[in-house]
Amino acid sequence: MPSGERALAMPLRLDWTQLTQLAVHLAHMSAALLVKVGSKGPVVLGVSGLSADQQAAAVALCSAVAANKELHGRLLDTAAYPAWAALALENLPHCLVLPLPPSGQQNTTWLALFDPVSRSSNEMAEFLPGLQALIAHAGHLQDLALQQQRSAYLTQGREESLGKALHESESRLNLTEHTAGVGTWSVDTTFWQVQHSDEYGSILGLQSGESVKDLANMVRRYKPELRTLIQQRLDRCAQSGEAFDEELQVLVPGTDAKWVRTVGHAVRNAEGQILRIQGAVQDITAQKQAQQETMRLAMRLTTTLASIKEAFVTLDRQCCFTYLNQESERLLQRTTAELLGLEVWQGFNIDLAQRMREQLGHALKTNRQVELEDFFPHIGKWLEVRAYPFTEGLAVYFRDVTERRRSQEHQMLLETSVARLNDIVAIAEAGSGLDGEPHIVFVNDAFEKKTGYKREEVLGKSPRILLEPDPAKFKLLEMAKGLQQTRQARTELKVFRKTGTPFWVELEVVSVQANADEVTHWVAVGRDITHRKGAEEMIRHLAFYDPLTDLPNRQLLLDRLQKALSQSVRTGQHGALMFIDLDNFKILNDTLGHHVGDQLLQQVAQRLKNSVRKTDTVARLGGDEFVVMVDDLSSNADAAASKSRALSEKVLTVLREPFQIAGHQHFATPSIGVTTFSGNQSDVSELLKQADLAMYQAKALGRNTLCYFAPDMLATVTANAAIGIALREGLREKQFVVHYQPQVNLQGLVTGVEALVRWNHPEEGLVMPAAFIPVAEDTGLILPLGMWVLETACKQLVAWANSAETASLSIAVNVSAYQFRHPNFVDMVMSAIRRTGVRPQRLKLELTESLLADRMEITIQKMGMLKDLGVTLSLDDFGVGYSSLSCLKRLPLDQLKIDKDFVADVLTDPNDAAISRAIIALAQSLSLQVVAEGVETREQRDFLASQGCDQFQGYLFAPALPLEALEALLSKPLTDMVVAG
């Protein structure tokens, strides 16, 4: 029979309750209501999930919402609308209203669904198209039913037309099922034959033309473990009419098992007999997967909520507890069982409850989070409350801030007291941003007073604001790192006021730690130590700088030299050391005064600083001695030596320029010793000694020059040191002897002798004076040696006084300048004369001409005292030193000695001959005797005699002889004297 004929043969009966049930399942909502509004008022066609008491309110609410077309198809929270709040179902406030297509009688039918919770737009998009397709099909079936009722009197032609309409309706039904994802099936209870829609076959994965023929085949489509269950449901429905609604898995060829919702109910005839089981299957695989994902999310959410360390609760829209975690139970001191369903403020005092009600109600009304902090007397704590609205109500966090409140009170007391301290106090929060630096959160009054900054200018800023541009900021950062290990640190820093002027503070910083690993704040206390630092700097300056010239002193020079050597090891750079001594500086001090000498030293210091680089060191060791240290000359030794020579010559030239002192020009020449160094020389004292030796060599070369250190200088010094040691040993062991060289007159008679010391060295043999007298003068041994020679000569004079042949002889003893300038020299001579009993007139002291260079008045005074003793005074080596007529006429001399250098060339060099004649003429004019030393030929003696020379001394007559040889010579007739071989 064609489908149209089957439809005409079987009157249409619409099961509206089944429609509402199907709508509830499709939308996953709690209840549904189908209402038809006619001329006599609304009529409930079908209902699912609503009690009889709820139906009246639901009908009224549906009518109210349906009147506003803009609200059709929207899920509304009716409790939030003041006009509908009274009609809203108590536990089902969310309502969705969908109109069925209007029938020909203009009657209006509405489908309304109800649920306790809202839905997101994504959830709405999942089920809304299926619902709309369902109600469109229901509306069309409603029209067909009306048409069937009217067609009882129609002709067969009309029946065919109706059959065609039913066929079209069947097509639309298939389309509706496909759109909603629902397939229908039917099983007769007589033959258990199955009929199903195309969508049913599509859901079960049937091929085109394939169908499920019987009940057994239908049951086999389910998973094996579910077949018994579905068979039981079908049997009970067929026997007792028990409807069923199960979510089961079916086997689909080529894919995994698919979840389907299987719904079935019995269809009875007019007598109540069960004719067939009619049902539907809906593909709910996506929903099941979503449910499983939701379950997983719910589990994770539950785990997350349980792991929240803060007290966390959820409240419904009436602010009643719906969830509490363990921390909230501990904090609120009540269990979940005691609090679930209670208003959050229950048990609070009236004022606190009112504040909570207002704040939480405001959050729900405005859908905005709120925060409050209040004291909860029933638990004795201050709590911070943060409430966040969501669809079902509020998520609320409780935090115990009692300690923080106490800390704030303590901090307020602390701020009040600290603000009055005289010391600077600043508190900084430990750095947590990208810069990692602390930020100031508190300063006291003393901070404002000392730094000039107002509180608002520094709060939130880094403490580096006080350290710019001084590099002390890096010191502060190092101190901050140190505080990560130790909780306290102390340092001294230069900080800057707002005006830019610096001052020193003694800073003590203590870290405040929340736990063993986390530093939260730093507390810094600073004391102004500017005056103390000034005093320390002055003391340090005095310790390391020369007070007259403000140049580094010896100590600072040695430190810098040691650093330069260490750096040279790393870099391979060479450096140089210049030792500078001013020539004849002592004369300037003695003649013009020390204040003039000080001015000269200051100007010399300034010229030296201007002659070198700023990185070089100019130091004053003391007196008129300066040292210049230059480093980083070059990594090449030759290039470094060339640069040091150029710099030394520059310094020499600069210091030769005249100085303006006290309105007068003064010329001061330097003697400069230079040595180079590199990292392989680590003894700074050795370097200074080398430069010093080179300087003395420059003086020996005639001053006003420079000399470079050479290893042989050190060898000479070492040798002289050895000689000095041997000299002491020789004096102690009496290794010295005196030889005597005769002095004769024009007639060849011996009038006296010159005592000349010799060193009878146990290893070297007889050593001449030139080899050890300079060392004796440098070491001061000339004093005991000279006194020994003087006393030996005096004793010999006493011995000769007892013999007629020698009683008239005199002995000349050489006196060095060092010996003569000794303060007790005159007393030592008087003591020798007194001890030996010698006649002073026979004692002749030969003084060097260098005594006339300085301290002229003292020299004249001492010579006068010796003259008063009766001692004869002779000026030795006349003509090679500093003598002048003005000096010579003031000296109480008895004799002049012509230096042997003039005598040696007197016959061959006109200049020497002229000088000799001048000396003799000068002596005669001053009534002084003249002795020519170094006479080796008769021609020399004759020339000098012709010029008026009185006495002669030299190899022509005899060399210096031991005492025994001299006495043997004296025993011969004097006229027979000849030149010794």
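Residues numbered from 1 in each chain as written. Predicted model: local features only at pLDDT ≥ 70, side-chain atom pairs only at ≥ 80, totals over all residues. Heavy atoms only, no water.

Assigned secondary structure in the protein consists of 33 helices and 36 strands. The 981 residues of the protein split such that 44% are buried. Partitioning the contacts of the protein with sequence separation of at least 6, the portion at a separation of at least 24 is 56%. Accessible surface for the protein amounts to roughly 50,700 Å². Of this, 53% is attributable to carbon and sulfur atoms. (Helix = DSSP H or I, 4+ residues; strand = E, 2+ residues; numbered from the N terminus. Buried < 20%, exposed > 50% of the residue type's maximum accessible area, 1.4 Å probe, protein only. Contact = heavy atoms within 4.5 Å. Areas by Shrake-Rupley, 256 points an atom, 1.4 Å probe, with all protein chains shown as cover.)

With the rule as written, the count across this model stands at 43 salt bridges. We note a salt bridge from Glu-448 to Arg-455, for which the minimum N-O separation is 3.0 Å. Residues Glu-846 and Lys-897 are paired through a salt bridge, measuring 2.9 Å at the closest nitrogen-oxygen approach. On the criterion of sequence distance, the pair formed by Glu-846 in strand β32 (residues 843-848) and Lys-897 in strand β34 (residues 895-898) is long-range, its members being 51 residues apart. (Salt bridge = Lys/Arg side-chain N within 4 Å of Asp/Glu carboxyl O.)

Attention now goes to the environment of Phe-878. Its place among the elements puts Phe-878 in strand β33 (residues 872-878). The exposure class of Phe-878 is buried, given its relative accessible area of 7%. Each C-alpha atom, one on Phe-878 and one on Lys-900, is 9.7 Å from the other, the two residues being 22 residues apart in sequence.

The next thing to look at is empty space enclosed by the protein. In the structure shown here, the tally under the stated rule is four cavities of 30 Å³ or more. The space that makes up the largest cavity amounts to roughly 350 Å³. Lining the largest cavity are 23 residues; nearest its centre among them are Ala-426, Pro-463, Leu-466, Leu-507 and Ala-524. When residues of the lining of the largest cavity are traced back to their parent elements, those giving at least two are β16 (424-429), α14 (445-451), β18 (488-496), β19 (502-513) and β20 (519-528). With five residues, β16 is the single largest residue contributor to the lining of the largest cavity. Its residues assigned to classes, the lining of the largest cavity comprises 21 nonpolar, two polar and no charged. Empty space within the second largest cavity amounts to approximately 40 Å³. Taken together, Ala-564, Gln-567, Ser-568, Thr-571, Gln-573, His-574, Gly-575, Asp-631, Asp-632 and Phe-677 make up the lining of the second largest cavity. Among the secondary structure elements, those contributing two or more residues to the lining of the second largest cavity are α18 (554-571), β21 (574-582) and β23 (625-634). (1 Å grid on protein atoms, 1.4 Å probe; cavity = no way out; pocket = protein on both sides within 12 Å on 5 of 7 lines; lining within 4 Å. Points joined across faces, edges and corners; volume = space filled by probe spheres on them. Nonpolar A, V, L, I, M, F, W, Y, C, P; charged D, E, K, R; others polar.)

Once that is clear, we can look at the sheet that holds strand β26 (residues 670-677). Taken in spatial order, the five strands of this open sheet run β22-β23-β21-β26-β27, and their pairing is mixed. Edge positions in the sheet fall to β22 (617-622) and β27 (705-708), since each has one partner strand and no second. Averaged over neighbouring strand pairs, the angle between their axes works out to 20 degrees when direction is ignored. As judged from the eight bridges shared by β21 and β26, these two strands associate in the antiparallel manner. Residue pairing in the sheet places Leu-577 in a bridge with Thr-675 of β26. (Pairing = 2+ DSSP bridges. Axes fitted to C-alpha atoms, helices over the stretch in contact; angles between N-to-C directions.)

A word on the sheet that holds β19. Read from one edge to the other, the open sheet built from five strands follows the order β17-β16-β20-β19-β18, with strand pairing classed as antiparallel. Whereas interior strands pair on both sides, the edge strands pair on one side only; in this sheet they are β17 (439-443) and β18. Pairs of neighbouring strands in the sheet enclose a mean axial angle of 30 degrees, with direction left out of account. Relative to β17, β16 runs antiparallel, the two sharing four bridges.

What follows concerns the nonpolar core. Counting residues in hydrophobic clusters, the biggest one holds 77 residues, and the most contacted among them are Leu-790, Ile-811, Val-813, Leu-843, Leu-845, Leu-893 and Leu-944. Sorting elements by how many residues they give to this core places helix α25 (residues 782-800) first, with ten residues. Leave out the neighbours within four places in its chain, and Leu-944 touches Val-903, Val-906, Ser-916, Ile-920, Ala-932, Val-935, Cys-949 and Phe-952. By size, the runner-up hydrophobic cluster in this structure holds 30 residues, among which are Leu-588, Leu-647, Val-651 and Ile-672. (Core = buried A, V, L, I, M, F, W, Y, C linked by side-chain atoms within 4.5 Å.)

In this section: unusual backbone geometry. Backbone geometry places Asp-632, a non-glycine residue, at a positive phi of 55 degrees. Even without being glycine, Asn-704 reaches a positive phi, approximately 55 degrees. Assignment of secondary structure puts Asn-704 in the loop between α22 (684-700) and β27.

What follows concerns helix α8 (residues 224-240). Between its terminal C-alpha atoms α8 stretches 25 Å, which fits the 24 Å expected from 17 residues at 1.5 Å a residue. If you check which residues of α8 are buried, you get Leu-226, Ile-230, Arg-233, Leu-234, Cys-237 and Ala-238. Taken around the axis of α8, the buried residues stretch over an arc of 130 degrees, which confines them to a single face. The outward face of α8, more than 90 degrees from its buried face, is lined by the exposed residues Glu-225, Thr-228 and Gln-239. Where α8 is buried, its residues meet β6 (182-188), α7 (215-220), β8 (244-250), β9 (258-268) and β10 (274-283). The positive-phi residue at the C-terminal boundary of α8 is Gly-241, with phi of around 80 degrees. (Expected span 1.5 Å × (residues − 1). Arc of directions from axis to C-beta.)

Following the criterion strictly, the structure yields zero disulfides and no others. Residue Cys-319 stays outside any disulfide, its sulfur separated by 7.5 Å from that of Cys-320, the closest cysteine. By relative accessible area, which is 5% here, Cys-319 ends up buried. (Disulfide = S-S within 2.5 Å.)

Another aspect to go through is the layout of surface pockets. Rolled over the atoms, a probe as big as a water molecule pinpoints where empty space is left. Size it by volume and the second largest pocket reaches roughly 1,700 Å³. Lining of the second largest pocket is provided by 31 residues; of these, Tyr-696, Lys-699, Arg-703, Glu-777 and Asp-778 occupy positions nearest its centre. Elements supplying a minimum of two residues to the lining of the second largest pocket: β21, α19 (585-592), α22, α23 (711-733), α24 (773-779) and α26 (817-820). Counted by class, the lining of the second largest pocket contains 15 nonpolar, six polar and ten charged residues.

What follows concerns the packing of helix α20 (residues 594-611) against helix α21 (residues 637-656). Across the interface, α20 lies against α21 with an axial gap of 10 Å and an inter-helix angle of 145 degrees. Two packed elements cross with a definite hand, and for α20 against α21 that hand is right-handed. Contact residues: Val-604, Arg-607, Leu-608 and Ser-611 in α20; Leu-647, Lys-650, Val-651, Val-654 and Leu-655 in α21. Of the residues assigned to the contact of α20 with α21, the class counts are six nonpolar, one polar and two charged. (Left-handed = near helix turned anticlockwise from the far one by under 90°.)

A ring pair, where both rings are aromatic, is described by two values, the distance of the centres and the angle of the planes. One pass over the full model with this rule turns up eleven aromatic pairs. Judged by centre distance (5.9 Å) and plane angle (85 degrees), the rings of Tyr-388 and Tyr-397 are edge-to-face. Among the aromatic residues, those joined into a cluster by ring pairs are Phe-312, Tyr-323, Tyr-388 and Tyr-397. Against the face of Trp-504 rests Lys-533, its NZ or CZ located 4.4 Å from the ring centre. (Phe/Tyr/Trp six-rings, centres within 6.5 Å; stacked < 30°, edge-to-face > 60°. Lys NZ or Arg CZ within 6 Å of the ring centre and 35° of its normal.)

The first and last C-alpha atoms of helix α27 (residues 825-836) sit 17 Å apart over twelve residues, in line with the 16 Å expected at 1.5 Å per residue. For α27, the full list of buried residues reads Phe-825, Val-826, Val-829, Ala-832, Ile-833 and Thr-836. Along the axis of α27, the buried positions cluster into a sector of 125 degrees, meaning they face one direction only. Its buried side turned inward, α27 meets α25, β31 (810-815), α26, β32 and α28 (856-869). Positioned one or two residues after α27, Gly-837 has a phi angle of 75 degrees, which is positive.

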